[in-house]
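Spelled out, the chains give:
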Amino acid sequence: MTSLNKTDVFLLKWLNKQKDIVYQNDIPKLTGIDAKTVSKSLYKLEKLGLIIREQTDHNKRKTYIVKIDFEKAAKQLEEIGETLFEPRDLFEQIADIPCLSCQNINKCYEGGFYDPVYCPLIFDYLFGASMREKYPMSKITAKK
């Protein structure tokens with residue numbers, strides 16, 4: 001198996017953090033890595049099955065949409081003692097969970113007065129406020 005270099009590891013971690021579509025021709029200016037190095041690294045990562053590149057047109061130029069294969073990349077990085085997430089990234093992902101700051105967390109259990117199944121805070125966290133129009137909170141919070 002081909003070993004990953006620092007650029008490969010950096011690009012995997014960087015791709016994992018991206019929330020929007022990533023076009024290969026945008027990666028050099030977004031990361032500060034020269035285009036030739038990015039291209040070589042992405043080609044290698046694709047051959048290892050850690051990313052998927054789909055050809056497309058962007059800004060009237062042919063390029064690729066680059067997507068990470070999370071499971072394969074995480075496993076490969078684990079084998080070399082790396083992770084896709086830094087501890088700070090993991091904390092940021094869970095910091096917004098409403099249960100962490102809820103004053104009723106010690107009294108909350110399924111079937112209890114404070115029941116997570118009917119919690120509007122959890123509903124908003126999981127589905128977003130936009131779902132309220134489709135599913136009014138009165139339907140969510142009303143116990144059967």
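Residues numbered from 1 in each chain as written. Predicted model: local features only at pLDDT ≥ 70, side-chain atom pairs only at ≥ 80, totals over all residues. Heavy atoms only, no water.

(A) Up close: the overall build of the chain. The number of helices and strands found in the chain is eight helices and two strands. Going from the N terminus to the C terminus, the chain shows its helices and strands as α-α-α-β-β-α-α-α-α-α. The long-range fraction of contacts in the chain, counting pairs at least 24 apart against all pairs at least 6 apart in sequence, stands at 48%. Total accessible area computed for the chain in this model is approximately 10,500 Å², and 53% of it derives from carbon and sulfur atoms. (Helix = DSSP H or I, 4+ residues; strand = E, 2+ residues; numbered from the N terminus. Contact = heavy atoms within 4.5 Å. Areas by Shrake-Rupley, 256 points an atom, 1.4 Å probe, with all protein chains shown as cover.)

(B) Region of the structure containing helix H1 (residues 6-17). Under the 1.5 Å per step criterion, the end-to-end length of H1 is 17 Å for twelve residues, consistent within 8% with the ideal 16 Å. Within H1 the residues assigned to the buried category are Asp 8, Val 9, Leu 11, Leu 12, Lys 13, Trp 14, Leu 15 and Asn 16. The inward-facing, buried residues of H1 contact helix H2 (27-31), helix H3 (35-47), strand S1 (51-58), strand S2 (61-68) and helix H4 (70-79). At the N-terminal end of H1, a side-chain oxygen is found 3.0 Å from the backbone nitrogen of Thr 7, two or three residues along, and the residue is Asn 5. (Expected span 1.5 Å × (residues − 1). Buried < 20%, exposed > 50% of the residue type's maximum accessible area, 1.4 Å probe, protein only. Polar contact = N/O pair within 3.5 Å; in protein donor to acceptor, adjacent residues only side chain to side chain.)

Purely spatial values, then, with no claim about function.
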